[in-house]
Amino acid sequence: MMFKKLCVAAILAVASAPVLAAECSVDIAGNDQMQFDKKEITVSKSCKQFTVNLKHPGTLAKNVMGHNWVLTTAADMQATVNDGMAAGLDNDYVKKGDTRVIAHTKVIGGGQSDSVTFDVSKLAAGTDYTYFCSFPGHFALMKGTLKLVD
Ligand SMILES: [Cu+2]
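Read on for a plain summary of the structure. No experiment lies behind these values; they were computed from the predicted model shown.

As for the overall build of the chain
- Of regular secondary structure, the chain possesses three helices and eight strands.
- Along the chain direction, N to C, the helices and strands of the chain fall in the order α-β-β-β-α-β-α-β-β-β-β.
- The buried share of the chain, taken over its 150 residues, is 40%.
- In the chain, the proportion of contacts linking residues at least 24 apart, taken out of those at least 6 apart, comes to 74%.

Right, here's the structure in full:
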């Protein structure tokens, strides 16, 4: 069931690729060493929507070394992490209905991937945004900045 769902997501991602300009999406990986392969993501104002493709190239299971990609303002990160921890893995370590969360993927384990697309209109120029993994303890290493640029 899970495999089928991932396949459908992969096909959809490929099918929608020509519609989006190249710069309106980013690929990011979170590995078994608890690290993202990017420290900064820039989003062009010319994009209506922006897609983040998260991949876990490791082998560890999601309950051991799971990763997600969560976007909030820099100011909201800590409280969002705390509430996410309480929400647990079943909720992808994101509090249900958390309005501070601009976008997030589900938590994935080694060999898995997930994508999330959000409206760029949710971002304001001059605001500092942080993306991070909300798996307990991971945000200390797994975070970066996201900026809206011209
Ligand atoms: Cu993580």
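Things to note about the state of the cysteines
- Under the criterion given, the structure shown has one disulfide.
- Sulfur-sulfur distance for the disulfide between Cys24 and Cys47 comes to 2.0 Å. Taking the sign of the S-S torsion, about -90° here, the bridge from Cys24 to Cys47 comes out left-handed. Here Cys24, found in the loop between helix 1 (2-16) and strand 1 (25-29), pairs with Cys47, found in the loop between strand 2 (40-44) and strand 3 (49-55); they are 23 residues apart in sequence, far enough to count as distant.

Digging into the side chain of Thr80
- Take Thr80: it is sitting in helix 3 (residues 77-87).
- A polar contact is formed between the side chain of Thr80 and the backbone oxygen of Asp76, at a distance of 2.7 Å.
- When neighbours within four sequence positions are excluded, Thr80 is seen to be in contact with Thr72, Asp98, Arg100, Val101 and Phe132.

Re the sheet that holds strand 3
- Pairing is mixed in the open sheet, where three strands are placed in the order 1-3-6. Each edge of the open sheet is held by one strand with a lone partner, namely strand 1 and strand 6 (113-119). Mean inter-strand twist for the sheet, computed between neighbouring axes without regard to direction, equals 20°.
- Strand direction decides the pairing type here: strand 1 and strand 3, joined by five bridges, are parallel. Bridge assignment links Ile28 to a residue of strand 3, and that residue is Leu54.

Examining the side chain of Thr72
- Within the fold, Thr72 resides in strand 4 (residues 70-73).
- Take Thr72: its relative accessible area is 0%, and that puts it in the buried class.
- Apart from residues lying up to four places away in sequence, Thr72 is in contact with Met77, Thr80, Arg100, Val101, Ile102, Tyr129, Thr130 and Phe132.

What to know about the sheet that holds strand 7 (residues 129-132)
- Read across the sheet, five strands follow the order 2-8-7-4-5 without closing on themselves; strand pairing throughout is mixed. Single-partner strands in this sheet number two, and they are strand 2 and strand 5 (103-104).
- As judged from the four bridges shared by strand 4 and strand 7, these two strands associate in the antiparallel manner. Its bridge partner lying in strand 7, Val70 is registered against Phe132.

Cut-off values and rules
- Residues numbered from 1 in each chain as written.
- Predicted model: local features only at pLDDT ≥ 70, side-chain atom pairs only at ≥ 80, totals over all residues.
- Heavy atoms only, no water.
- Helix = DSSP H or I, 4+ residues; strand = E, 2+ residues; numbered from the N terminus.
- Buried < 20%, exposed > 50% of the residue type's maximum accessible area, 1.4 Å probe, protein only.
- Contact = heavy atoms within 4.5 Å.
- Disulfide = S-S within 2.5 Å.
- Polar contact = N/O pair within 3.5 Å; in protein donor to acceptor, adjacent residues only side chain to side chain.
- Pairing = 2+ DSSP bridges.
- Axes fitted to C-alpha atoms, helices over the stretch in contact; angles between N-to-C directions.

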